[in-house]
Amino acid sequence: MTSHRSKPAIAVVGAGLAGAACAASLASNGMAVTVFDKSRGVGGRMATRRMRWSAAPAAGDVLEMHAEVDHGAPYFTAVHPRFRAAMRRAASAGVLVPWQPRVHGTWVPAGVHSFVPVPTMTALARHLLAGVNLQPDQAVQRLHRTDDGWHLVLADGGQAGPFDQVVLAMPPAQAAVLLAGHHDAWADALAEVRMQPCWTLMAVTDEVDWPWDAAEPDRGPLAWVARNDRKPGRTAPRGCATWVAQATAAWSAAHLEEDPQVVAVALRAALQQQLPASAPVIWHTSVVHRWRYAVPVAPVADQAVVVQPDYRWDAEHGLGVCGDHLAGGGVEAAWRSGDELADAVVAWHETQVELATTP
């Protein structure tokens, strides 16, 4: 599809890190980018939630308390040189700091660069999307293509467009729904991608004498436990500790449709088993979140399969797909997939300009 507009108009559906990286690179290369996301905020699985509760001091009025907890990706590593360079720029902008936690468990080998955005996990995506046209609270229900380009049909009944190209930066099952009827081969392939779920407990307790910043339990329903208030840039009300406990993929799958209150009780009990038994734990508040599409299941290696890039781009259809599920999983994979897709789109547009101006 060749654009007659002064700048190619591109819609990016999904404001997680893959979508943010893709949109930022496209915008920096002169594209007119609009990002749509069904949520109020950005960051996808790099998420932070504000928790509120009431405290009753021994004397005085009831106090309204709050704390923020990172209930998605707890941190990320940076290995690829291009990603490390991008993260150094983010650190220079003040939205990223290194973190080497004291972890009771295996975790990562020494020397690996690990980071957390500050003050919340969403800060990195917000930084990347600064200056980009962002449309939050806009769930895209389907795509519609006409002679003048792509149109997005929104959940509220409205439409957006036309766009020259559409990039889908979302879990594979959701991308497959939008692609059906437009690129069935991709839709079928994405529908087959398996994603592991994750139930996550967020809790606030009284201060606990726990020597670790995080732990990787070797048995039971929990895969990761972290003192969120010990992460860089995080705080908790005086005398309180904030916790994030993520269940294993197997436990989460077995309880995927369980009532959240039942899940909360089970995960609180599992978390309490990781804490010192010297004193009872006083719980101020807790809530659970279900990540239905948390981590891609690694495919079995097959030497006969042709290695594909970490994204999908079809210039003829004007469609692209990016996400960590195409690049091995994780924060770095999400960024790399979105950034590399943007490179492909920009290169294609530059080729079209060259062809149009060649005598």
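Scroll up for the structure.
In this report, the structure presented in the accompanying data block is examined.

Rules of the game
Within each chain, residue numbers correspond to sequence positions counted from 1 in written order. Confidence filtering applies because this is a predicted model: local features only for residues at pLDDT of at least 70, side-chain atom pairs given and counted only at 80 or more, and all residues used for totals across whole chains, interfaces and linings. Side-chain measures were taken over the full set of non-hydrogen atoms in the model, leaving aside hydrogen atoms and water. Counting from the N terminus, the helices are the DSSP runs of H or I reaching at least four residues and the strands are the DSSP runs of E reaching at least two. What a helix should span is 1.5 Å times the count of its residues minus one. For every residue, the accessible area (1.4 Å probe, protein chains only) is compared with the maximum for its type, and the residue is labelled buried under 20%, exposed over 50%, or partly exposed between those bounds. In what follows, a contact means two residues having at least one pair of non-hydrogen atoms within 4.5 Å. Under the rule applied, a polar contact is a pair of N or O atoms within 3.5 Å (in protein, one hydrogen donor and one hydrogen acceptor; residues adjacent in sequence only if both atoms are side-chain atoms). Two strands qualify as a pair provided DSSP detects at least 2 bridges between them. In summary, the pairing rule links any two rings of Phe, Tyr or Trp, Trp by its six-membered ring, whose centres are within 6.5 Å, and it sorts them by plane angle into stacked for under 30 degrees, edge-to-face for over 60 and tilted for everything else. Whether a charge lies above a ring is judged from NZ of Lys or CZ of Arg, which has to be within 6 Å of the ring centre and within 35 degrees of the ring normal. In this context, the arc is that of the directions from the helix axis out to the C-beta atoms. Throughout, an axis means a line fitted to C-alpha atoms (over the contacting stretch in the case of helices), and angles, computed between N-to-C directions, take values from 0 to 180 degrees.

### Notes on helix H1 (residues 17-28)
Turning to step 1, where the next piece is worked out: An ideal rise of 1.5 Å per residue puts 16 Å on twelve residues; H1 measures up with 16 Å between its terminal C-alpha atoms.
Turning to step 2, where the next piece is worked out: Counting buried positions along H1 yields ten of twelve residues, so the element is predominantly enclosed.
Turning to step 3, where the next piece is worked out: For H1, every residue scored as buried is listed here: Leu17, Ala18, Gly19, Ala20, Ala21, Cys22, Ala23, Ala24, Ser25 and Leu26.
Turning to step 4, where the next piece is worked out: Against strand S1 (9-13), strand S2 (32-36), helix H3 (123-128), strand S13 (165-168) and helix H8 (331-357) lie the buried residues of H1.

### Some remarks on the environment of threonine 120
Turning to step 1, where the next piece is worked out: Mapped onto the secondary structure, threonine 120 falls in the loop between strand S8 (113-117) and H3.
Turning to step 2, where the next piece is worked out: Once the C-alpha coordinates of threonine 120 and alanine 47 are considered, the two residues, 73 residues apart in sequence, prove to be 7.7 Å apart.
Turning to step 3, where the next piece is worked out: Contact partners of threonine 120, with chain neighbours within four places excluded, come to Thr48, Glu68, Arg126 and Arg234.
Turning to step 4, where the next piece is worked out: Engagement of the side chain of threonine 120 in a polar contact is seen with the side chain of threonine 122, the distance being 2.8 Å.

### Some points on the pairing of strand S16 (residues 222-227)
Turning to step 1, where the next piece is worked out: Burial within S16 is extensive, with five of its six residues counted as buried.
Turning to step 2, where the next piece is worked out: Across two bridges, the pairing between strand S15 (residues 214-215) and S16 is antiparallel. Note on S16: the bridge partner recorded for alanine 215 is valine 225.
Turning to step 3, where the next piece is worked out: Between S15 and S16, which pair antiparallel one after the other, the connecting turn spans six residues, and glycine 220 there sits at a positive phi close to 90°.
Turning to step 4, where the next piece is worked out: As paired elements, S16 and strand S17 (residues 240-247) share five bridges and run antiparallel to each other. The residue of S17 that forms the bridge with valine 225 is alanine 245.

### Section: the packing of aromatic side chains
Turning to step 1, where the next piece is worked out: Here the structure, examined in full by the defined rule, presents eight aromatic pairs.
Turning to step 2, where the next piece is worked out: The interplanar angle of 90° and the centroid separation of 6.0 Å between the aromatic rings of phenylalanine 36 and phenylalanine 163 together place this pair among those described as edge-to-face. Here phenylalanine 36, found in strand S2, pairs with phenylalanine 163, found in strand S12 (residues 159-163); they are 127 residues apart in sequence, far enough to count as distant. Phenylalanine 163 carries the same exposure label as phenylalanine 36, and that label is buried.
Turning to step 3, where the next piece is worked out: With 5.0 Å between their ring centres and 70° between their planes, tryptophan 210 and tryptophan 243 make a pair best called edge-to-face. Of this pair, tryptophan 210 sits in the loop between strand S14 (195-206) and S15 while tryptophan 243 is found in strand S17, placing the two residues 33 residues apart along the sequence.
Turning to step 4, where the next piece is worked out: In this structure tryptophan 210 comes out as buried when scored by relative accessible area, which is 5%.
Turning to step 5, where the next piece is worked out: Owing to a relative accessible area of 0%, tryptophan 243 belongs among the buried residues under this scheme.
Turning to step 6, where the next piece is worked out: The structure contains a cluster of three or more aromatic residues connected by ring pairs, namely Phe76, Phe83, Phe115 and Trp335.
Turning to step 7, where the next piece is worked out: One residue, arginine 227, lies across the ring of tryptophan 243, its end atom 5.4 Å from the ring centre.

### Describing helix H4 (residues 172-179)
Turning to step 1, where the next piece is worked out: When we look at burial in H4, the residues that qualify are Pro172, Ala175, Ala176, Leu178 and Leu179. Summarising the axial view, the buried residues of H4 lie within an arc of 165°, below the 170-degree limit, and thus occupy one face.

### Quick look at the sheet that holds strand S10 (residues 140-146)
Turning to step 1, where the next piece is worked out: If you walk across this open sheet you meet the three strands as S10-S11-S12, and the pairing is antiparallel. Strands at the two margins of the open sheet, each flanked by one partner only, are S10 and S12. Each strand of the sheet is rotated relative to its neighbour by a mean of 20°, with strand direction disregarded.
Turning to step 2, where the next piece is worked out: Pairing of strand S11 (residues 149-154) with S12, which is carried by three bridges, proceeds in the antiparallel orientation. Residue valine 153 lies in a different strand from S12, and its bridge partner there is glutamine 159.

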